[in-house]
Amino acid sequence: MTDQLVTTPFGAETTAAEVLAGIDLTGLRAVVTGGASGIGRETARALAAAGAEVTIGVRDLVAGARAAEEIALADGSGTVHAATLDLADPASVRAFAEAWRGPLHVLVLNAGVMAPPLQRTKEGWELQFATNHLGHFALATGLHGALSAARGARVVVVSSVGHVNGDVLFDDINFEQHPYDPWAAYSQSKTANVLFAVEASRRWASDLIAVNALNPGRITTTRLGRHIGDISNSPSSFEATSTDVSWKNIGQGAATSVLLAASPLTERVTGRYFEDCNEAGPHRPGVRRGVAAHAMDPRSAARLWQTSVAMLATATTARHRPA
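Residues numbered from 1 in each chain as written. Predicted model: local features only at pLDDT ≥ 70, side-chain atom pairs only at ≥ 80, totals over all residues. Heavy atoms only, no water.

**Student:** Could you clarify how one ought to interpret the packing of helix α5 (residues 127-142) against helix α7 (residues 182-203) in this entry?
**Tutor:** Relative orientation and spacing of two packed helices are given, respectively, by the angle between their axes and the distance between those axes. Across the interface, α5 lies against α7 with an axial gap of 7 Å and an inter-helix angle of 20°. Taken as axis vectors, α5 and α7 run roughly parallel relative to one another. Crossing handedness for the pair α5 and α7: left-handed. Within the contact between the two elements, α5 uses Gln-128, Phe-129, Asn-132, His-133, Phe-137 and Ala-140 and α7 uses Pro-182, Ala-185, Tyr-186, Gln-188, Ser-189, Lys-190, Ala-192, Asn-193 and Phe-196. Looking at side-chain class alone, the contact of α5 with α7 contains eight nonpolar, six polar and one charged residues. (Axes fitted to C-alpha atoms, helices over the stretch in contact; angles between N-to-C directions. Helix = DSSP H or I, 4+ residues; strand = E, 2+ residues; numbered from the N terminus. Parallel < 35°, antiparallel > 145°, perpendicular 65-115°, else oblique. Left-handed = near helix turned anticlockwise from the far one by under 90°. Contact = heavy atoms within 4.5 Å. Nonpolar A, V, L, I, M, F, W, Y, C, P; charged D, E, K, R; others polar.)

What follows is the structure, given as C-alpha cells:
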C-alpha cells in the first residue's frame, strides 16, 4: 500500500448491493453493531446476501431477532443471528466478546447516537463518547483474538463528517467542567472513531487486521437524527462540485461500509478514512468533506487508546469492588 489515495469505480450513488455484486462471501463471519435498523441493517443484509454468516449486536433482543429473521428471509443466502449488545454498558460488551467462538472476519462498528440531551452512563461517562467510541473500543479489543485468528480480518468504523468540527477534549471528555454541547460531544466521539482506526491499524498490522474509518454520508431515513428533528426534506447534493456532505438513501449509505468490509478493492488497505466509496483527502475549511488533521494525528490516537484502556479498567475495578 502506498500513500496515494485509494480510489474505486464507485461513488456517492453506489449502493451496498452494487459494491458486492458478484462477490461470494461464503465462509465469512461478520458482526455488525446496530444491525437491526438503518445502514447497519442494510450492511448486514448486503453481507448476508453475498453468503456471509452475520451476527447483529442489538440492545433489544426481541426486535433484533425479528430483524435478523427478516434480513435472512429477504435474500436467503447467508445466515443472520441476533445477540444482545449494549455499547453503553461495559458488562454487556464484555459478555458479547467472551461468548464469541471461532474466528471473526469482519467487524463493523456501526451503531451510534447523535446529539441527544446530556445523558451519562452509570459510570458517569457522557453517553455519546461511551456509545460511539468507548463501547466499540471495548468490543474490538475484546474480539481481538477472534479477529487475529481470521488472518486477514477487517474492522470498519463508521464515523461522520461531523468529526471535522472538533477534537477529543482530553482534559474533559465527559463534560464535567465544560458546559455540555451535544454537537461538541458528537464531534469528539466521531473524531475518536477515526483515531481508533489509526492506532488499531498500527497495533494490529502484524495480526493482519485492517482497520479503516468512514463517513457514510447523511442518511435521511434513519433513527440517528431522532434528537434533532426531521431532516428528510433537505436537498440532495451528489454533484461532483458540491462542497456539502452527500445525502443518501440507506442502500447508498451502507455502500462505503460494505466496500471496506468485504470488497477485494480494499484488501490490505488499513489506517485510512473513506467517504463516497473512495479514500478522502484532507479536510479544507468551509468544505463538508475530507478528513481533519486532528483525527489522523498518531500522537492523539495513541493517547486516546491509553485513555480508553484506563477508563474501562476503572469500570472493571468498580464492578469487582466489594460492596
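Once the structure has been displayed, the description carries forward.
**Student:** Please explain empty space enclosed by the protein as it appears in this structure.
**Tutor:** Enumeration according to the criterion identifies one cavity of 30 Å³ or more in this entry. In this model, the largest cavity occupies a volume close to 40 Å³. Element by element, the count of residues in the lining of the largest cavity is highest for α5, at four residues. Here the lining of the largest cavity is composed, by residue class, of nine nonpolar, one polar and one charged. (1 Å grid on protein atoms, 1.4 Å probe; cavity = no way out; pocket = protein on both sides within 12 Å on 5 of 7 lines; lining within 4 Å. Points joined across faces, edges and corners; volume = space filled by probe spheres on them.)

**Student:** Would you mind going over the packing of helix α2 (residues 38-49) against helix α3 (residues 61-75) with me for this structure?
**Tutor:** Contact geometry of α2 with α3 gives a least axis separation of 9 Å together with a crossing angle of 45°. One element, α2, and the other, α3, form an angle in the oblique class. Remark: the crossing between α2 and α3 carries right-handed chirality. Listed contacts from α3 to Arg-41, Ala-44, Arg-45 and Ala-49 of α2 are Ala-67, Glu-70, Ile-71 and Asp-75. Of the residues contributing to the contact of α2 with α3, the split by class is four nonpolar, no polar and four charged.

**Student:** Just checking my understanding: could you explain the layout of surface pockets for this structure?
**Tutor:** If a probe the size of a water molecule is rolled over the atoms, the empty space left behind becomes visible. The calculated volume of the second largest pocket comes to roughly 400 Å³. Around the second largest pocket, the lining is made up of 18 residues, and of these Gly-152, Ala-153, Leu-208, Glu-267 and Arg-268 lie nearest the centre. Among the residues forming the lining of the second largest pocket, the class breakdown is 11 nonpolar, three polar and four charged.

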